[in-house]
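# Residue-level structural notes
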Amino acid sequence: MRVLVRKIFQFFSGKKDHLPLAVILFLSVVVRFVGIDFGLPLWLVGDEVSHIFGALKMLELKTLLPVLHDNDFAGIFYYTPYLSYIYLLPYSAAAGIKFLFFSGNFSQFKNYLIADPSIFFIIARTVSAIFGSLTVLFVYAAAKNIFQNKKIALLSALFIGFGFLPVSYSHWARHWTAITFFYSMGIYILSHPNFSIAKRYFAAALLLGIGIGFNVQMSIFGVFALIWFFAFDRWPIGKLLRQKWLWQSILAFILLFGLAFAIWPKGYGFFLLMGNAASSTKVFSLFGVFKFYFLAFLSAEPVLLFFVFLGMLRMFFVERRKALALGGFVFAYLFFFYLFFRPYDRYILPLYPILAIVAGYGLHRFLEYAPRHIRVIALPLVCAFLFVPI
C-alpha cells in the first residue's frame, strides 16, 4: 500500500504537466463529498434503502445468500446484490465500534441503530462518491487512449468531473455511479493501445459480468464492446470464432452473471416489467425517447450538449470511425432503453463517459481554431457554466 501511495504521489508531483489533472481530480472529489449527509436521518432519496437495508439484513441474518431467505428480504431488497456486498465490511466495523460504546443489550442496540441509521447512509454515499471520483480518472485515461492527446483527456475529465448528474448522483447510495464507473473503466480497457485483443475483450467480459451484479443496465455495455470490435479490430467472423479467448470471455461472462442471478434473482425481476417491449401500449415512441433525453440534457447540461454536437460533427469529418463507434453506441443505448426501460433523466448517466470524451474533443477543437481573444475567455466561461449547477 505504501508503494502504491508513493507512486501516485510521484505521478502528480514529479511532473508539472500532471498538475492540471491533479487539480481537476481534487475539485471533483471535493464536490462529490460535500453534502453527502444531506437530509439525514430522514430518508429523502428514493431507492437508497434497498442497497443499504439489504446489506444490514445480511448482517442481521448472518448470510451472504439472500436467496435462502426470500421472505426476509422481500419488499426491502429489490435491486441486484453486489453493491450491498461492498457495504458489508464497513458496516460491520461501524456497528462494532458503536456497540463498544453502547450501554445496553443487543436488542436495545438494534433499536438504536434503527432510530438513526445515518452512519450507514454516510458510508454508502461515501462509496458512491469514491466511484464517482474514480470515474473522472478513467475518463481521462480513456480519452488519452482514444485520441493520444493530453489536452483532450483533461477537458474530458473536466466535463465528467463537474457534470451536473454525475456530481449529483455521487452523493446518493444508488447504483448509478458504480455503473458509470464500470462504463468508463470498460472504455479505458477496450481503447488501451498496449493490451492485446484477447486481454482487452476478456477483461471487458469480466467487467460486464461483474457490473451486471451491480445493475442490469451494465448489460448494454456488451453492445459497446461489439461496436468497438467491428469498428477498430474488424476480424473476419470465421477467424474470430476460432479464437479461444472469445469462448473464454463468453464463458466468464455467463458464469459471473449466473452467479449474481443465483444470489438474488428478484433483483432482475423489474427488468421484465419495464419499457415498450414488455408493454401492450407504447409508453414513449422511439422519437419521444430521444426527444426526452435531448430536452433533459438541454435543461441540465447545455454547455456539455453544445460541445458534444460540435465534437461529434468535427470527429465525423476528421476521425469518422471514432465518431461512428461513439455516436453509434449513444443511439444504440437509447434504443435499448426505449425497448426495456422507462425514460428517466438519470438513465443517461452511463453515457456520460462517452459524452464527456466527445465534448472534450469538441472543446479542444474549438479552442484550437478560435481567435485568441475568444480562447482567453472560452475556457473560464465553460468552467463557470459547469460549476453553476453544482
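Along each chain, residues carry numbers from 1 onward, in the same order as the chain's sequence is written. pLDDT decides what is reported in this predicted model: residues at 70 or higher carry local features, side-chain atom pairs at 80 or more are listed and counted, and totals for whole chains, interfaces and linings draw on all residues regardless. Hydrogens and waters are ignored; side-chain quantities use all the structure's heavy atoms.

Within an α-helix, residues lying three or four positions from one another point in the same direction, as the helix has 3.6 residues per turn. Put simply, DSSP H or I for four residues or longer makes a helix, DSSP E for two residues or longer makes a strand, and each gets a number counted from the N terminus. By this rule the span expected of a helix is its residue count minus one, scaled by 1.5 Å. Over its 20 residues, helix α14 (residues 244-263) runs 29 Å from end to end, which matches the ideal 28 Å to within 8%, given 1.5 Å per residue. Each residue is placed in one exposure class: buried if its accessible area under a 1.4 Å probe, protein chains only, is under 20% of its type's maximum, exposed if it is over 50%, and partly exposed if it falls in between. Taken together, the buried positions of α14 are occupied by Trp-245, Leu-246, Ser-249, Ala-252, Ala-260 and Ile-263. Buried positions in α14, seen along its axis, are confined to an arc of 145° and lie on one side of it. Within α14, the exposed residues directed more than 90 degrees away from the buried face are Lys-244 and Leu-255. Throughout, the arc means that of the directions going from the helix axis to the C-beta atoms.

Ring pairs (aromatic) are described by centroid distance and by the angle formed between their planes. For Phe, Tyr and Trp, where Trp contributes only its six-membered ring, two rings pair if their centres lie within 6.5 Å, and the inter-plane angle classes them as stacked under 30 degrees, edge-to-face over 60, or tilted in between. One pass over the structure, following the stated rule, counts 46 aromatic pairs. Judged by centre distance (5.8 Å) and plane angle (25°), the rings of Tyr-201 and Trp-245 are stacked. Of this pair, Tyr-201 sits in helix α11 (residues 197-212) while Trp-245 sits in helix α14, placing them 44 residues apart in sequence. One exposure class covers both Tyr-201 and Trp-245, and it is buried. Put simply, the rings of Tyr-82, Tyr-85, Phe-131, Phe-138, Phe-181, Phe-182, Tyr-188 and Phe-214 touch in pairs and so form one group of aromatic residues. Criterion for a charge above a ring: Arg CZ or Lys NZ at most 6 Å from the ring centre, at most 35 degrees from the ring normal. The ring of Trp-235 carries the charged tip of Lys-239 above its face, separated from the ring centre by 4.3 Å. Here the guanidinium or amino end of Arg-320 rests over the ring plane of Phe-316, the centre of that ring lying 4.3 Å away.

Okay, empty space enclosed by the protein next. Every definition here rests on a 1 Å grid over the protein atoms only: cavities are sets of points where a 1.4 Å probe fits but cannot get out, pockets are open sets enclosed by protein on both sides within 12 Å along at least five of seven lines, and lining residues have some atom within 4 Å of a point. Grid points are joined across faces, edges and corners, and a volume is the space filled by probe spheres set on the points. Taken as a whole, this structure holds 1 cavity of 30 Å³ or more when the rule is applied. Looking at the largest cavity, its volume works out to about 60 Å³. Arg-32, Gly-132, Thr-135, Ile-160, Pro-166, Ser-170, Thr-177, Thr-180 and Leu-349 together form the lining of the largest cavity. Breaking the lining of the largest cavity down by element, the ones donating at least two residues are α7 (118-147) and α10 (176-190). Along the lines of polarity and charge, the residues of the lining of the largest cavity split into 3 nonpolar, 5 polar and 1 charged. When residues are sorted by character, Ala, Val, Leu, Ile, Met, Phe, Trp, Tyr, Cys and Pro go into the nonpolar class, Asp, Glu, Lys and Arg into the charged class, and all the rest, Gly among them, into the polar class.

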